[in-house]
Amino acid sequence: ILNVEQSPQSLHVQEGDSTNFTCSFPSSNFYALHWYRWETAKSPEALFVMTLNGDEKKKGRISATLNTKEGYSYLYIKGSQPEDSATYLCALLGETSGSRLTFGEGTQLTVNP
Amino acid sequence: EAEVAQSPRYKITEKSQAVAFWCDPISGHATLYWYRQILGQGPELLVQFQDESVVDDSQLPKDRFSAERLKGVDSTLKIQPAELGDSAMYLCASSPGLAGVLLYEQYFGPGTRLTVT
(Lines give C-alpha, C1' and ligand atoms only; values in the text may rest on other atoms or scores of the structure.)
Protein backbone atom coordinates (compact mmCIF):
# COMPACT_ATOMS: atom_id res chain seq x y z
CA ILE A 1 0.00 0.00 0.00
CA LEU A 2 1.45 3.36 -1.05
CA ASN A 3 1.56 6.14 1.52
CA VAL A 4 0.66 9.55 0.10
CA GLU A 5 0.64 12.35 2.62
CA GLN A 6 -0.56 15.91 2.22
CA SER A 7 0.12 18.85 4.47
CA PRO A 8 -1.28 20.88 5.93
CA GLN A 9 -4.66 19.22 6.42
CA SER A 10 -6.37 22.62 6.29
CA LEU A 11 -5.37 26.19 5.65
CA HIS A 12 -7.08 29.56 6.05
CA VAL A 13 -5.62 32.54 4.19
CA GLN A 14 -6.69 36.06 3.34
CA GLU A 15 -7.58 37.15 -0.17
CA GLY A 16 -4.41 38.17 -1.98
CA ASP A 17 -2.11 35.92 0.05
CA SER A 18 0.06 33.42 -1.76
CA THR A 19 0.09 29.91 -0.37
CA ASN A 20 1.52 26.47 -0.95
CA PHE A 21 0.94 22.92 0.16
CA THR A 22 2.88 19.69 0.02
CA CYS A 23 2.29 16.18 -1.27
CA SER A 24 4.79 13.54 -0.11
CA PHE A 25 5.16 10.08 -1.60
CA PRO A 26 7.66 7.19 -1.64
CA SER A 27 10.37 8.21 -4.09
CA SER A 28 11.22 4.58 -4.75
CA ASN A 29 7.84 3.86 -6.28
CA PHE A 30 6.90 6.68 -8.64
CA TYR A 31 5.38 6.74 -12.11
CA ALA A 32 3.13 9.83 -12.20
CA LEU A 33 1.52 12.37 -9.89
CA HIS A 34 -1.91 13.95 -10.36
CA TRP A 35 -3.29 17.11 -8.70
CA TYR A 36 -7.05 17.71 -8.45
CA ARG A 37 -9.15 20.56 -7.08
CA TRP A 38 -12.48 19.69 -5.45
CA GLU A 39 -14.88 22.52 -4.70
CA THR A 40 -17.81 21.85 -2.41
CA ALA A 41 -20.85 20.46 -4.24
CA LYS A 42 -18.90 20.19 -7.50
CA SER A 43 -16.91 17.48 -9.28
CA PRO A 44 -13.20 17.08 -8.64
CA GLU A 45 -11.31 18.82 -11.45
CA ALA A 46 -7.90 17.85 -12.76
CA LEU A 47 -5.17 20.46 -12.43
CA PHE A 48 -1.96 18.72 -13.46
CA VAL A 49 -0.46 15.35 -14.36
CA MET A 50 3.29 15.31 -13.72
CA THR A 51 5.85 12.66 -14.54
CA LEU A 52 9.35 14.13 -14.81
CA ASN A 53 11.68 15.07 -11.97
CA GLY A 54 12.02 18.84 -11.89
CA ASP A 55 8.80 19.29 -13.85
CA GLU A 56 6.95 22.54 -13.27
CA LYS A 57 3.42 23.14 -14.54
CA LYS A 58 1.27 26.25 -14.44
CA LYS A 59 -2.41 27.02 -14.93
CA GLY A 60 -3.26 30.65 -14.32
CA ARG A 61 -2.30 31.53 -10.75
CA ILE A 62 -1.73 27.89 -9.78
CA SER A 63 1.55 26.10 -10.34
CA ALA A 64 3.11 22.83 -9.23
CA THR A 65 6.60 21.42 -8.96
CA LEU A 66 7.78 17.84 -8.72
CA ASN A 67 10.81 16.27 -7.05
CA THR A 68 10.74 12.53 -7.64
CA LYS A 69 14.17 11.93 -6.07
CA GLU A 70 13.09 13.18 -2.66
CA GLY A 71 9.43 12.26 -3.07
CA TYR A 72 7.44 15.47 -2.94
CA SER A 73 5.38 17.89 -4.99
CA TYR A 74 4.43 21.45 -4.11
CA LEU A 75 1.28 23.23 -5.24
CA TYR A 76 1.44 27.03 -5.21
CA ILE A 77 -1.39 29.53 -5.49
CA LYS A 78 -0.38 33.12 -6.15
CA GLY A 79 -2.70 35.86 -4.94
CA SER A 80 -5.41 33.59 -3.54
CA GLN A 81 -9.02 34.45 -4.34
CA PRO A 82 -12.19 33.28 -2.55
CA GLU A 83 -13.00 31.11 -5.59
CA ASP A 84 -9.80 29.15 -4.89
CA SER A 85 -11.44 27.77 -1.75
CA ALA A 86 -11.51 24.00 -2.26
CA THR A 87 -9.90 20.73 -1.25
CA TYR A 88 -6.72 20.05 -3.20
CA LEU A 89 -5.95 16.36 -3.70
CA CYS A 90 -2.79 14.76 -4.97
CA ALA A 91 -2.75 11.18 -6.26
CA LEU A 92 0.20 8.92 -7.00
CA LEU A 93 0.55 6.27 -9.63
CA GLY A 94 3.32 3.99 -8.41
CA GLU A 95 5.44 1.79 -10.62
CA THR A 96 4.12 -1.27 -8.80
CA SER A 97 0.50 -0.20 -8.45
CA GLY A 98 -0.69 -1.16 -11.90
CA SER A 99 -3.14 1.50 -13.00
CA ARG A 100 -4.39 2.38 -9.52
CA LEU A 101 -4.15 5.97 -8.26
CA THR A 102 -3.52 6.37 -4.54
CA PHE A 103 -4.95 9.64 -3.22
CA GLY A 104 -3.78 11.69 -0.29
CA GLU A 105 -6.31 12.99 2.21
CA GLY A 106 -6.25 16.45 0.71
CA THR A 107 -5.55 19.99 1.86
CA GLN A 108 -8.68 22.05 2.53
CA LEU A 109 -8.05 25.68 1.58
CA THR A 110 -10.33 28.51 2.69
CA VAL A 111 -9.67 31.99 1.28
CA ASN A 112 -11.34 34.73 3.28
CA PRO A 113 -12.39 37.91 1.44
CA GLU B 1 -18.31 20.93 -22.24
CA ALA B 2 -18.84 17.19 -21.80
CA GLU B 3 -19.33 15.99 -18.24
CA VAL B 4 -19.57 12.75 -16.33
CA ALA B 5 -23.13 12.25 -15.12
CA GLN B 6 -24.06 10.47 -11.91
CA SER B 7 -27.38 9.74 -10.25
CA PRO B 8 -28.77 10.03 -7.73
CA ARG B 9 -26.85 12.89 -6.13
CA TYR B 10 -28.03 11.91 -2.67
CA LYS B 11 -29.34 8.63 -1.29
CA ILE B 12 -30.54 7.71 2.17
CA THR B 13 -31.17 4.05 2.80
CA GLU B 14 -31.68 1.76 5.74
CA LYS B 15 -29.19 -0.87 6.78
CA SER B 16 -29.69 -4.18 4.93
CA GLN B 17 -31.41 -2.53 1.97
CA ALA B 18 -30.11 -2.62 -1.59
CA VAL B 19 -28.89 0.55 -3.28
CA ALA B 20 -27.63 1.30 -6.80
CA PHE B 21 -25.73 4.17 -8.35
CA TRP B 22 -25.49 5.05 -12.03
CA CYS B 23 -22.71 6.70 -14.01
CA ASP B 24 -22.54 7.91 -17.61
CA PRO B 25 -18.96 8.77 -18.60
CA ILE B 26 -17.85 11.27 -21.18
CA SER B 27 -18.59 9.94 -24.66
CA GLY B 28 -15.63 8.07 -26.10
CA HIS B 29 -13.86 7.50 -22.79
CA ALA B 30 -12.93 3.84 -22.64
CA THR B 31 -11.82 3.75 -19.01
CA LEU B 32 -14.27 4.16 -16.15
CA TYR B 33 -13.55 4.23 -12.42
CA TRP B 34 -15.68 3.98 -9.29
CA TYR B 35 -14.23 5.51 -6.12
CA ARG B 36 -15.44 5.66 -2.53
CA GLN B 37 -14.51 8.68 -0.43
CA ILE B 38 -15.08 8.49 3.31
CA LEU B 39 -15.21 11.87 5.01
CA GLY B 40 -11.73 13.09 5.89
CA GLN B 41 -9.99 10.60 3.62
CA GLY B 42 -8.91 10.57 -0.01
CA PRO B 43 -10.91 8.72 -2.67
CA GLU B 44 -10.22 4.99 -2.80
CA LEU B 45 -10.58 3.03 -6.04
CA LEU B 46 -13.25 0.34 -5.90
CA VAL B 47 -13.30 -0.85 -9.50
CA GLN B 48 -11.84 0.09 -12.88
CA PHE B 49 -13.25 -0.84 -16.29
CA GLN B 50 -11.63 -0.84 -19.70
CA ASP B 51 -14.63 -0.83 -22.03
CA GLU B 52 -16.86 -3.57 -20.55
CA SER B 53 -14.06 -5.51 -18.86
CA VAL B 54 -13.01 -5.20 -15.23
CA VAL B 55 -9.32 -4.25 -15.01
CA ASP B 56 -9.01 -3.89 -11.24
CA ASP B 57 -11.54 -4.74 -8.56
CA SER B 58 -9.09 -5.78 -5.87
CA GLN B 59 -10.52 -3.31 -3.35
CA LEU B 60 -14.18 -4.01 -4.09
CA PRO B 61 -15.93 -5.82 -1.20
CA LYS B 62 -17.36 -8.47 -3.45
CA ASP B 63 -19.57 -10.05 -0.82
CA ARG B 64 -21.86 -7.02 -1.01
CA PHE B 65 -20.69 -4.79 -3.86
CA SER B 66 -21.07 -5.42 -7.58
CA ALA B 67 -20.35 -3.30 -10.62
CA GLU B 68 -21.10 -3.68 -14.28
CA ARG B 69 -20.57 -1.84 -17.54
CA LEU B 70 -22.45 -4.10 -19.90
CA LYS B 71 -22.10 -2.22 -23.19
CA GLY B 72 -18.90 -0.46 -22.31
CA VAL B 73 -20.64 2.87 -21.88
CA ASP B 74 -22.60 3.61 -18.70
CA SER B 75 -22.07 1.73 -15.46
CA THR B 76 -23.95 0.71 -12.33
CA LEU B 77 -22.52 0.12 -8.85
CA LYS B 78 -24.71 -1.86 -6.47
CA ILE B 79 -24.54 -2.52 -2.74
CA GLN B 80 -26.60 -5.31 -1.22
CA PRO B 81 -27.07 -5.33 1.69
CA ALA B 82 -25.97 -1.84 2.72
CA GLU B 83 -24.15 -1.47 6.03
CA LEU B 84 -23.65 1.59 8.24
CA GLY B 85 -19.97 1.73 7.24
CA ASP B 86 -20.92 2.18 3.59
CA SER B 87 -21.94 5.78 4.24
CA ALA B 88 -19.64 7.76 1.96
CA MET B 89 -19.37 9.73 -1.29
CA TYR B 90 -19.28 7.47 -4.35
CA LEU B 91 -17.47 9.08 -7.25
CA CYS B 92 -17.37 7.98 -10.86
CA ALA B 93 -14.61 9.09 -13.20
CA SER B 94 -13.66 8.45 -16.79
CA SER B 95 -10.51 8.85 -18.82
CA PRO B 96 -9.67 8.87 -22.50
CA GLY B 97 -6.57 6.79 -21.83
CA LEU B 98 -6.25 3.08 -21.78
CA ALA B 99 -6.23 1.37 -18.41
CA GLY B 100 -2.66 1.26 -17.19
CA VAL B 101 -1.70 4.45 -18.96
CA LEU B 102 -2.47 6.95 -16.23
CA LEU B 103 -0.75 9.89 -17.84
CA TYR B 104 -4.23 11.10 -18.71
CA GLU B 105 -6.21 13.10 -16.20
CA GLN B 106 -9.45 11.67 -14.92
CA TYR B 107 -12.77 13.46 -15.32
CA PHE B 108 -15.01 13.11 -12.30
CA GLY B 109 -18.75 13.23 -11.86
CA PRO B 110 -20.38 15.13 -8.96
CA GLY B 111 -20.71 11.96 -6.87
CA THR B 112 -23.51 10.27 -4.96
CA ARG B 113 -23.63 10.96 -1.23
CA LEU B 114 -24.88 7.77 0.47
CA THR B 115 -26.16 7.76 4.02
CA VAL B 116 -27.01 4.40 5.58
CA THR B 117 -29.21 4.60 8.69
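Use the structure listed above.
Quick look at the structure, then.

Basis of the calculations
Residues numbered from 1 in each chain as written. Chains lettered and ligands numbered in written order. Predicted model: local features only at pLDDT ≥ 70, side-chain atom pairs only at ≥ 80, totals over all residues. Heavy atoms only, no water. Disulfide = S-S within 2.5 Å. Helix = DSSP H or I, 4+ residues; strand = E, 2+ residues; numbered from the N terminus. Buried < 20%, exposed > 50% of the residue type's maximum accessible area, 1.4 Å probe, protein only. Pairing = 2+ DSSP bridges. Axes fitted to C-alpha atoms, helices over the stretch in contact; angles between N-to-C directions. Contact = heavy atoms within 4.5 Å. Buried area = accessible area lost by both parts, 1.4 Å probe. Salt bridge = Lys/Arg side-chain N within 4 Å of Asp/Glu carboxyl O. Polar contact = N/O pair within 3.5 Å; in protein donor to acceptor, adjacent residues only side chain to side chain. Nonpolar A, V, L, I, M, F, W, Y, C, P; charged D, E, K, R; others polar. Core = buried A, V, L, I, M, F, W, Y, C linked by side-chain atoms within 4.5 Å. Phe/Tyr/Trp six-rings, centres within 6.5 Å; stacked < 30°, edge-to-face > 60°.

Structural notes on the state of the cysteines
Residues and elements named next belong to chain B.
Here is step 1 of the chain: Scanning the model with the defined rule gives 2 disulfides over all chains in all.
Here is step 2 of the chain: Put simply, C23 and C92 are joined by a disulfide, and their sulfur atoms are 1.9 Å apart. Taking the torsion about the S-S bond as the criterion, the C23 to C92 disulfide, at about -70°, is left-handed. Remark: C92 occurs in strand 9 (residues 88–95) and C23 occurs in strand 3 (residues 19–24); sequence separation between them is 69 residues.
Here is step 3 of the chain: The buried category is assigned to C92, whose relative accessible area is 0%.

Some details on the sheet that holds strand 1 (residues 5–7) of chain A
Residue and element names in this part refer to chain A.
Here is step 1 of the chain: Spatially, 5 strands are ordered 1-3-8-7-6 in an open sheet, and the strand pairing comes out antiparallel. Two strands close off the open sheet at either side, each with one partner strand: strand 1 and strand 6 (56–59). Here the average twist between neighbouring strands, direction ignored, is 15°.
Here is step 2 of the chain: Two elements, strand 1 and strand 3 (residues 19–24), share 3 bridges in a ladder whose sense is antiparallel.

Considerations on the interface of chain A and chain B
Here is step 1 of the chain: The interface of chain A with chain B comprises 20 residues on the first partner and 25 residues on the second.
Here is step 2 of the chain: Considering only the side of chain A, the residues that lose the most area to chain B are A:W38, A:S99 and A:R100, jointly responsible for 33% of the buried surface there.
Here is step 3 of the chain: Across the contact surface, chain A and chain B share 1 salt bridge.
Here is step 4 of the chain: Measuring nitrogen to oxygen at the nearest pair gives 3.0 Å for the salt bridge that ties B:D56 to A:R100.
Here is step 5 of the chain: Linking chain A to chain B there are 6 residue pairs in polar contact (both at pLDDT 80 or more).
Here is step 6 of the chain: Breaking the side of chain A that touches chain B down by element, the ones donating at least two residues are strand 4 (32–38), strand 5 (45–50), strand 9 (86–93) and strand 10 (101–103) of chain A.
Here is step 7 of the chain: Taken together, the residues that form the side of chain A that touches chain B break down as 12 nonpolar, 5 polar and 3 charged.

What to know about the side chain of B:S95
Residues and elements named next belong to chain B.
Here is step 1 of the chain: Looking at the element boundaries, S95 is found in strand 9.
Here is step 2 of the chain: Since its relative accessible area comes to 1%, S95 is described here as buried.
Here is step 3 of the chain: Dropping the residues within four chain positions of it, S95 is found in contact with H29, A30, T31, Y33, Y104, E105 and Q106.

A look at the sheet that holds strand 1 (residues 5–7) of chain B
Residues and elements named next belong to chain B.
Here is step 1 of the chain: Read across the sheet, 4 strands follow the order 1-3-8-7 without closing on themselves; strand pairing throughout is antiparallel. Among the strands making up the open sheet, the edge pair consists of strand 1 and strand 7 (65–68). Taking the axes of each pair of neighbouring strands and ignoring which way they run, one obtains an average angle of 15° across the sheet.
Here is step 2 of the chain: Where strand 7 meets strand 8 (residues 75–79), 4 bridges bridge the pair, whose relative direction is antiparallel. Its bridge partner being in strand 8, F65 is matched across the sheet by I79.

Some remarks on the nonpolar core
Here is step 1 of the chain: Membership of the largest hydrophobic core comes to 24 residues, with the highest contact counts inside it found for A:L33, A:W35, A:F48, A:L75, A:Y88 and A:L109.
Here is step 2 of the chain: When contributions to this core are tallied by element, the ones reaching two or more residues are strand 2 (10–14), strand 3, strand 4, strand 5, strand 7 (62–67), strand 8 (72–77), strand 9 and strand 11 (107–112) of chain A.
Here is step 3 of the chain: B:F21, B:C23, B:A82 and B:L114 belong to the second largest nonpolar core, which has 20 residues in total.

Quick word on the packing of aromatic side chains
Here is step 1 of the chain: Per the stated rule, a full pass over the model turns up 11 aromatic pairs over all chains.
Here is step 2 of the chain: Judged by centre distance (5.5 Å) and plane angle (90°), the ring pair of A:F103 and B:Y35 falls under edge-to-face. Residue A:F103 is located in strand 10, and its partner B:Y35 is located in strand 4 (residues 31–37); the two belong to separate chains.
Here is step 3 of the chain: Using a relative accessible area of 0% as the deciding quantity, one classes B:Y35 as buried.
Here is step 4 of the chain: Between A:F103 and B:F108, the ring centres sit 6.4 Å apart and the planes meet at 75°, which makes this aromatic pair edge-to-face. With A:F103 in strand 10 and B:F108 in strand 10 (residues 107–108), this residue pair bridges two chains.
Here is step 5 of the chain: The exposure class of A:F103 is buried, given its relative accessible area of 9%.

In short, geometric facts, not functional conclusions.
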